[in-house]
Amino acid sequence: MKQKKLAAAIALMTAIPFAAQAQVSNNVVKVGVLTDMSGTYSDLSGQGAVVATKMAIDDFIANEKPNFKIEMVQADHQNKADIASNKAREWFERDGVDVATELVTTSVALAVMKVAKEKDRIALVNGTASATITNKECNDVTIHYTYDTYALANGTASALTKQGGKTWFFLTADYAFGKSLESEAAKVVTANGGKVLGSVNHPFPGTDFSSFLLKAQQSGAQVVGLANAGSDTTNAIKQAAEFGITPKQTLAGLLMFITDVHSLGLKATQGMYLTTGFYWDRNDDTRAWSRRFFEKQRKMPTMVQAGQYSSVYNYLKAVKAVNSDDTKKVMDYMKKTPINDFFAKNGRIQANGRMIHDMYLAQVKKPEEAKYPWDYYTIKATIPADQAFTPLKESTCALVKK
Amino acid sequence: MNTTTNNDKNMRLVFGVLFLLGLVAPFVVYPTFLMKILCFGLFASAFNLLLGFVGLLSFGHAAFLGAAGYVCGLLVRDSGLSPELGILGGTLAAGFLGWVFGKLAIRRSGIYFAMITLALAQMVFFIVQQAPMTGGEDGLQGVPRGNLFGFIDLDDNMSMYYLVYAIFCAGFFVIYRTIHSPFGQILKAIRENQPRAISLGYDVDKFKLFAFVISAALSGLAGATKTLVFQLASLSDVHWHMSGEVVLMTLLGGLGTIFGPLVGAATIVTLQNELADKVGSWVTVIMGVIFVLCVLVFRRGIVGEIQALIRRSGIN
């Protein structure tokens, strides 16, 4: 007993000097924004994500008055995993960056997650959709914040099927991502009593969708699910309108952003269903933040950009709370602290790194319904956090205790 | 005679200085970045062997870089082989692929040759994208660097650097020897005047094929090494953009010069890396402008122009 007490006393003594001083290394927290500044995804993340990060840092300094400095570095990964991996290594090893964030494109996110794990730093993933990040490939230094393929496919497919869209046809980009999007949506459709009449794979990236769209038309399905992303989705939507598929059949975008709707216009997209993690015009809080964002960026934020702000802000809060930029301490704090801001109400970060929050099923307005610029969505339903994302017990992540 | 020995002496001096520079460089410059330059330098040099010295424009070299990278990654990650065997496997695979490509492509010349290599490379791209074990567009991730010969820990950046440096020097030596051998002389003869080489009794196709295989294998060596450095192989390595990028590196540095491709690769990699932080979306525009300038203003490339300058001043 005595020995135990002695041991405890010694442990306490050694712990005190460390606890007394600020433990943020060099008294600087460095946030690295690694994103696509020039390619396909620059519209949905890119410069807007950098602006959002700057806002988060400025707001944090103004509101919380931290006793450490915060710096931001940014880089364009050009959608190449090797550039991203090189940059992340350089940041972690040489420049003392504490957290790499944004990371759109799955190959980039996976590469940076692994470097972060090796160097014991944090990866905050926002732009990437792939659900593998919190399943097979998960690790304990990564948080997947904004959304994933499961949430989008699940939200749109279940809501539409419940509303009477019983027969589906999928237009799928012919690569792993498109196929996983399709299979996730198809599962939900059949589980809700719907039927998948067929699917067709189109080459990635595709420009001419005519033959595939004709198959979708012939199938007579009520809903045509677009299991693709980026320019494939926008091209398919444009051509679907030209072929007269819409408005007879309903299009469901399984991965779409408000910037896609903005560039296509309401005429081509009207009536479409999609799932989103954030809509600027949802309530007073979202409007207030989004207007500030708009002043800087001249565009309304996508869910990725809003999630970027929220994730960085909450990361900084965690650093302040534990008074350290130590990866494990910050991660532990973030995983046990609920997230409440304009982006998420009662958001929680699960053991596998998945941040779960409410998602929203939106329908794109008709041109005549839009009253002001960026008035694009009607929120049809709120999908509660625990239904929106993969149930934790089904996650294949090794960190989940079964 | 006197000038050639002088030249040789100068050459040796240049090699010696550069070799020493390479040895001390990682203490000054960030090693991972240097490794990337060396890998692309070797890749561009291997490509230059074909374009600069045989006059064959292959537009499918990404296939060798990428395929070797994937083979090496799979061998090391999934079959648990040691890194040196992984690199060897990748190089052999690329050499074999080069033999297949070469067999088909060297029957044609000029634009048709380029198109055949491009078509074959696109097939490799398709296979890599669709095959279940490559990870598709997510790339082959999490390749361990492992222990070289079982006892040198490559997770240490410095030992990894010296491995890459040794591989680069070996590859570069092979290229240098190839160019300066009788075999290389015949390659240059084929480049300058193919009918004449044929009339002299050389089996031109055989020489071309052999050069193609060497170039492919060395590209593969670069690709396999790169996979170990970054611990991943991704689709961008097999994409035709990469085939274009290596053309740009070679042209920018100096086509048909020994050091040109290395300089070109270093320039492009540095630009990609440095501009990534500073100018954001302007990277692609700047690269385009550089290419246009290179083609319009200094057609001999950086090293080519410097050599021409030295030669001119030497005469005066």
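Residues numbered from 1 in each chain as written. Chains lettered and ligands numbered in written order. Predicted model: local features only at pLDDT ≥ 70, side-chain atom pairs only at ≥ 80, totals over all residues.

Draft legend 1. Representation of the overall build of chain A within the structure. Secondary structure summary: chain A contains 14 helices and 14 strands in total. The C-alpha radius of gyration computed for chain A amounts to 22 Å, which stays within 12% of the reference 21 Å derived for 402 residues, consistent with globular compactness. Considering only C-alpha atoms, chain A reaches an extent of 80 × 45 × 40 Å along its principal axes. Residues counted as buried form 55% of the 402 residues belonging to chain A. The contacts in chain A between residues at least 6 apart in sequence include a share of 72% that link residues at least 24 apart. (Helix = DSSP H or I, 4+ residues; strand = E, 2+ residues; numbered from the N terminus. Rg over C-alpha atoms; globule rule 2.2 N^0.38 Å. Buried ≥ 20, exposed ≤ 12 C-beta atoms within 10 Å, placed from the backbone. Contact = placed C-beta atoms within 7 Å.)

Draft legend 2. Geometry of the overall build of chain B. Within chain B, the secondary structure is distributed over 13 helices and 2 strands. Relative to the compact-globule value of 20 Å for 316 residues, chain B shows a C-alpha radius of gyration of 19 Å, a close match. Counting across all 316 residues of chain B, residues that qualify as buried make up 48%. Expressed as a percentage of contacts within chain B between residues at least 6 apart in sequence, the contacts between residues at least 24 apart total 76%.

Draft legend 3. Layout of helix H7 (residues 210-219) of chain A. Residues and elements named next belong to chain A. Every buried residue of H7 is accounted for by Phe212, Leu213 and Ala216. All buried residues of H7 project into a common sector of 95° when viewed along the axis, lining one side. Looking at H7, the residues exposed on the side facing more than 90 degrees away from the buried face are Ser210, Ser211 and Gln218. Buried positions along H7 lie against strand E6 (167-173), strand E7 (195-202), strand E8 (223-227) and helix H8 (230-242). (Arc of directions from axis to C-beta.)

Draft legend 4. Spatial organisation of the domain arrangement of chain A. Residue and element names in this part refer to chain A. By domain assignment, chain A separates into domain 1 (27-147 + 283-353) and domain 2 (155-276 + 359-384). Between domain 1 and domain 2, the C-alpha centre-to-centre distance is 29 Å. In this assembly, 10 residues from domain 1 lie in contact with 9 residues from domain 2. (Domains from an automatic or database assignment.)

Draft legend 5. Structural view of the interface of chain A and chain B. Chain A puts 28 residues into the contact, and the matching count from chain B is 24 residues. If you list the elements that add at least two residues to the side of chain A that touches chain B, you get strand E2 (69-76), helix H3 (81-93), helix H4 (106-119) and helix H6 (176-191) of chain A. Counting residues per element, the side of chain A that touches chain B draws most heavily on H3(A), at 8 residues. For the side of chain A that touches chain B, a count of residues per class yields 10 nonpolar, 10 polar and 8 charged. (Nonpolar A, V, L, I, M, F, W, Y, C, P; charged D, E, K, R; others polar.)

Draft legend 6. Structural detail: the packing of helix H3 (residues 61-77) of chain B against helix H5 (residues 110-130) of chain B. All names here are of chain B. One can describe the packing of H3 onto H5 by two numbers: an axis separation of 9 Å at closest approach and a directional angle of 30°. On the basis of their axis angle, the class for H3 and H5 is roughly parallel. Judged by the twist between their axes, the crossing of H3 over H5 is left-handed. Facing H3, whose interface residues are Ala62, Ala63, Gly66, Ala67 and Tyr70, H5 presents Leu120, Ala121, Val124 and Val128. Of the residues contributing to the contact of H3 with H5, the split by class is 8 nonpolar, 1 polar and no charged. (Axes fitted to C-alpha atoms, helices over the stretch in contact; angles between N-to-C directions. Parallel < 35°, antiparallel > 145°, perpendicular 65-115°, else oblique. Left-handed = near helix turned anticlockwise from the far one by under 90°.)

Draft legend 7. Molecular detail of the nonpolar core. The biggest cluster of nonpolar side chains holds 215 residues, and the ones touching the most others in it are A:Ala100, A:Val112, A:Ala123, B:Leu42, B:Phe43, B:Ala67 and B:Val164. At 15 residues, the largest contribution of residues to this core is made by helix H2 (residues 31-51) of chain B. A domain split of this core shows at least three residues from each of domain 1 (27-147 + 283-353) and domain 2 (155-276 + 359-384) of chain A. Residues within four places of A:Ala100 in sequence aside, it is in contact with A:Gly32, A:Leu34, A:Ala88, A:Trp91, A:Val112, A:Ala116, A:Arg121 and A:Ala123. (Core = buried A, V, L, I, M, F, W, Y, C linked by C-beta atoms within 7 Å.)

Draft legend 8. Focus on the environment of A:His357. All names here are of chain A. Here His357 lies in the loop between strand E12 (355-356) and strand E13 (359-364). On the basis of neighbour count, His357 is assigned to the buried category, with 25 C-beta atoms found within 10 Å. Separated by 26 residues in the primary sequence, His357 and Ile383 place their C-alpha atoms 8.9 Å from one another.

Draft legend 9. Representation of the confidence of the model for chain A. Across chain A, pLDDT averages 89, with 94% of residues at or above 70. Taken together, the stretch residues 11-21 of chain A has pLDDT below 50 and engages in 1 contact with residues farther than four places along the chain or on a different chain. (pLDDT = per-residue confidence, 0-100.)

Draft legend 10. Examining the sheet that holds strand E1 (residues 28-35) of chain A more closely. Residues and elements named next belong to chain A. Pairing is parallel in the open sheet, where 5 strands are placed in the order E2-E1-E3-E4-E5. Edge strands, defined here as strands with exactly one partner in the open sheet, are E2 and strand E5 (142-144). Looking at each pair of strands side by side, their axes are set apart by 20° on average, direction ignored. Both E1 and E2 contribute to a ladder of 8 bridges, which runs parallel. Counterpart to Leu34 in the pairing with E2 is Ala75. Where H3 meets the sheet, it contacts E1, E2 and strand E3 (99-102), and its direction lies at approximately 175° from that of E1. (Pairing = 2+ DSSP bridges.)

Draft legend 11. Seen up close, helix H5 (residues 149-162) of chain A. For H5(A), with 14 residues, the first-to-last C-alpha span of 20 Å sits near the 20 Å given by 1.5 Å per residue. A:Gly164 sits one or two residues past H5(A) and shows a positive phi near 110°. (Expected span 1.5 Å × (residues − 1).)

Draft legend 12. Summary view of the environment of A:Lys215. All names here are of chain A. Within the element layout of this structure, Lys215 appears in helix H7. By the C-beta count within 10 Å, which is 15 here, Lys215 ends up partly exposed. In this structure, the C-alpha to C-alpha distance between Lys215 and Thr105, residues 110 residues apart in sequence, is 30 Å.

Draft legend 13. Geometry of the packing of H2(B) against helix H9 (residues 204-230) of chain B. Residues and elements named next belong to chain B. Between H2 and H9, whose axes approach to 8 Å, the crossing angle comes to 170°. If you check the angle between H2 and H9, you find them roughly antiparallel. Taking contact as the criterion, the partners of Thr32, Met35, Lys36, Cys39, Leu42, Phe43, Ala46, Phe47, Leu49 and Leu50 in H2 are, on H9, Ala211, Phe212, Ile214, Ser215, Leu218, Ser219, Leu221, Ala222, Thr225, Lys226 and Val229. Within the contact of H2 with H9, the residues separate by chemical class into 15 nonpolar, 4 polar and 2 charged.

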